[in-house]
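# Breakdown of the fold
Now for the letters of each chain:
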Amino acid sequence: MSQLLFKNRRPDHTVLLDEYRQNGGYQGLEKALREMQPAQIRDEVKASGLRGRGGAGFSTGLKWSFFPFDAEGDKYLVCNGDEMEPGTFKDRQLLEADPHQLVEGMALSAYALNINTGYIFLRYAYNQCYTNLLQAIADAKQAGLLGRNILGSEFSFELHVHRSAGRYICGEETALLNGLEGKRPNPRSKPPFPAIKGLFAKPTVLNNIETLANIPHIINGGAQWFSDLALTEEGAGTKLYGLAGHLNNPGCVELPMGITLGELVEEHGGGVWLGRKFKACLPGGASTPYLTADHFDVAMDYNPLEAVKTRLGTGGLVVFDDQTCMVAATLNLMRFFARESCGWCTPCRDGLPMVCWVLEKIESGQGTVDDVTMLKELLGHINGRSFCALALGAMGPVDGLLRLFEEEVLDHVKKGRCPLQKS
Amino acid sequence: MSELLSPEEITELKRQIAAVHEPRELIVEVLQAVQKQNGWVSDAGIELAAELLGLSPLQVDEVATFYDKIYRSPVGSKVIHVCDSICCWTRGAEMVYGHLQQALDIAPGETTSDGIFTLLPTCCLGACGNAPSMRIGDRLYSSLTIERIDAILDEERQEALK
Ligand SMILES: Cc1cc2nc3c(=O)[nH]c(=O)nc-3n(C[C@H](O)[C@H](O)[C@H](O)COP(=O)(O)O)c2cc1C
Ligand code: SF4
Ligand code: FES
């Protein structure tokens, strides 16, 4: 099976410059600087079908095409390494195992976009990743792979690491830019989009760690090869899937994009723990609506998951066994989102605690049918009315709960207690 | 300039501040430096950071109060952040949190009487595949069980008493 991003990964081991180069590292960058024009790289990335791995799944090539690469003056490439969505831990695995992939990916992307300065916005808690990145950057610089006149070419690229101090909203791209500038990280209003007015009010491209780490592989192998790695027709590449929750073998694995949910759970996750049955999962992190065992045949790729009203998100699968109360699980998720709301807009700041309150009432057996109706109404009041996508993502699990588990919710009301509680 | 940071630390921060695009870019680094030396960031710490960065104390405070890993009230010498997000929840986070409260004899947000541990909940630590997880100071602990928690607390306490 094709391993790109985790090719060099071994337990408790970080790949340093020499080992990275022995395994073909920086060949993509060399090839690009010696043989390719920036436009060729942009075309290749577009043709590869790569979609952003940060959660929204927007076409990377298309995003890049909106960028004014010919504009004079400062332009920035920013890597989003906030990674705070519960269930998501892939970027950390990547940086702990093989950090040069990101450094090379950023240098290559910067060359393609005519950018000379890059920032990696990293979560403060990721100490090991921070140490690894500082070393990788220093080593690359020493070897002439970063900094001035890379590999003797005309191209120069400086790379900085900025550490954050832990809030989920910092992953939202415009909040991240405020955070990076040292301001309070509330989201900014769009438009203008970061591509036009981003970091320090200059044109900025923002991409996720996994997205950028894929770029050298696309340049090495070619767009067609990369695209063909996926098991789905329109899909592309591999994906770092997180496996968490009630599985026998949780962890993080690299697999072809589009592997089915069932295969991911049964083969790679080792099946549901303690011999129990699969009840539901979040397919791609905390903000994605649930799936059930009826969806085992669905391909874990952007479009097939949208067709069943959920999202691939960050690819962090969280499994729930048959003893899990879905109201309680949803309440846990909603408490996370309510606590992480930046407080800027009313639907999110006041709406999410309201959802928590109603779910608490239902879970404790005090809920009525009117409360269930209220949940449905709140879904309509919050979705599409918030300033940024945090609140929309937060309502994903509530939407899934009401669509797939309405009977279980009503059962709480009928019985006056949680039907799954062991008394 | 201040007793919160040594003259060497202040010189080093000033050097770093001079090297970046805009001084306030380093606001988190400066606040973390103050916190590292003093355990938390007091009003005097906010004022010092403001002076170093060329900002008003209010501009610094609105950032300091946003992040949950910057403490604006006194904490123990070791802050325990227990993950209560969904993956840890599926694998016993409530048990972990309950046991810590019992073993330390404090409620969330409180500090032990010996001044060593402060207990706080946290969002996902990015260790979901080895849930349940917690962080004590800079150290991440995963795959927690009651026995392991007791051993970890012992070790951390001994280290703090050294
Ligand atoms: C509340 C919120 C949190 C987010 N957190 C992250 C994150 O931690 N990492 C990330 O790469 N993208 C995150 N995103 C998505 C980013 O806004 C952005 O779409 C992404 O970084 C773009 O990179 P990509 O095109 O490579 O996916 C978040 C979005 C929202 C609304
Ligand atoms: S939806 Fe509104 S309150 Fe919630 S995080 Fe976004 S801007 Fe802040
Ligand atoms: S949910 Fe606890 S570490 Fe991610």
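Residues numbered from 1 in each chain as written. Chains lettered and ligands numbered in written order. Predicted model: local features only at pLDDT ≥ 70, side-chain atom pairs only at ≥ 80, totals over all residues. Heavy atoms only, no water.

What counts here: UniProt positions are given in the numbering used here, feature names are shortened, and annotations may be inferred rather than shown by experiment.
Chain B goes by NADH-quinone oxidoreductase subunit E in an unreviewed UniProt entry, where it is assigned to Syntrophotalea acetylenivorans. Among the UniProt annotations of chain B, the heading Sequence similarities (unreviewed entry) holds the following wording: "Belongs to the complex I 24 kDa subunit family."

An unreviewed UniProt entry annotates chain A as NADH-quinone oxidoreductase subunit F of Syntrophotalea acetylenivorans. According to the UniProt record, the Sequence similarities (unreviewed entry) comment for chain A is "Belongs to the complex I 51 kDa subunit family."

### A look at empty space enclosed by the protein
Residues and elements named next belong to chain A. Where we set the bar: A cavity here means a set of 1 Å grid points, computed over protein atoms only, where a 1.4 Å probe fits but cannot escape. A pocket is an open set with protein on both sides within 12 Å along at least 5 of 7 lines, and lining residues have an atom within 4 Å of a point. Grid points are joined across faces, edges and corners, and a volume is the space filled by probe spheres set on the points. In this classification, Asp, Glu, Lys and Arg are treated as charged, Ala, Val, Leu, Ile, Met, Phe, Trp, Tyr, Cys and Pro as nonpolar, and every other residue, Gly included, as polar.
Applying the stated criterion across every chain, the model contains three cavities of 30 Å³ or more. What the largest cavity holds in volume is close to 80 Å³. Around the largest cavity sit 13 residues that line it, and Cys342, Cys345, Cys348, Cys388 and Leu390 are the ones nearest its centre. Its residues assigned to classes, the lining of the largest cavity comprises ten nonpolar, three polar and no charged. Taken as a whole, the second largest cavity holds about 40 Å³ of empty space.

### Topic: the nonpolar core
Basically, it comes down to this: Here, nonpolar core means buried Ala, Val, Leu, Ile, Met, Phe, Trp, Tyr and Cys residues that are tied together by side-chain atoms lying within 4.5 Å of each other. Working definition: with a 1.4 Å probe on protein chains only, accessible area under 20% of the residue-type maximum means buried, over 50% means exposed, and in between means partly exposed.
In terms of nonpolar packing, the biggest core is built from 151 residues, with A:Phe157 and A:Phe320 touching the most fellow members. Judged by nonpolar contacts, the second largest core, of 23 residues, contains A:Ile259, A:Val272, A:Cys281 and A:Tyr302.

### Focus: the domain arrangement of chain B
In plain terms, the rule: How far each domain reaches was decided by an automatic or database domain assignment.
Partitioning chain B into structural domains gives domain 1 (7–66) and domain 2 (78–161). Centre-to-centre separation of domain 1 of chain B and domain 2 of chain B, based on C-alpha positions: 29 Å.

### Observations regarding the packing of helix α2 (residues 27–38) of chain B against helix α3 (residues 43–53) of chain B
Two quantities define a packed helix pair, namely the angle between the axes and the distance from one axis to the other. Residue and element names in this part refer to chain B. As a reminder of what qualifies: Between N-to-C directions, angles span 0 to 180 degrees; the directions come from axes that are lines fitted to C-alpha atoms, helices contributing only their stretch in contact. Per the convention used, a helix needs a DSSP run of H or I reaching at least four residues, while a strand needs a run of E reaching at least two, with both numbered from the N terminus. For this classification, under 35 degrees means roughly parallel, over 145 means roughly antiparallel, 65 to 115 means roughly perpendicular, and everything else is oblique. By definition, turning the near helix anticlockwise from the far helix through less than a right angle yields a left-handed crossing, and turning it clockwise yields a right-handed one. Pairs of residues are marked as contacts when any of their non-hydrogen atoms sit within 4.5 Å.
The geometry of α2 relative to α3 is characterised by a closest axis approach of 10 Å and an angle of 140° between their N-to-C directions. Classified by the angle their axes make, α2 and α3 are oblique. Seen from above, α2 lies across α3 with right-handed handedness. Facing Ile27, Val30, Leu31 and Val34 of α2, the residues of α3 in contact are Gly45, Ile46, Leu48, Ala49, Leu52 and Leu53. The class makeup of the residues in the contact of α2 with α3 is nine nonpolar, one polar and no charged.

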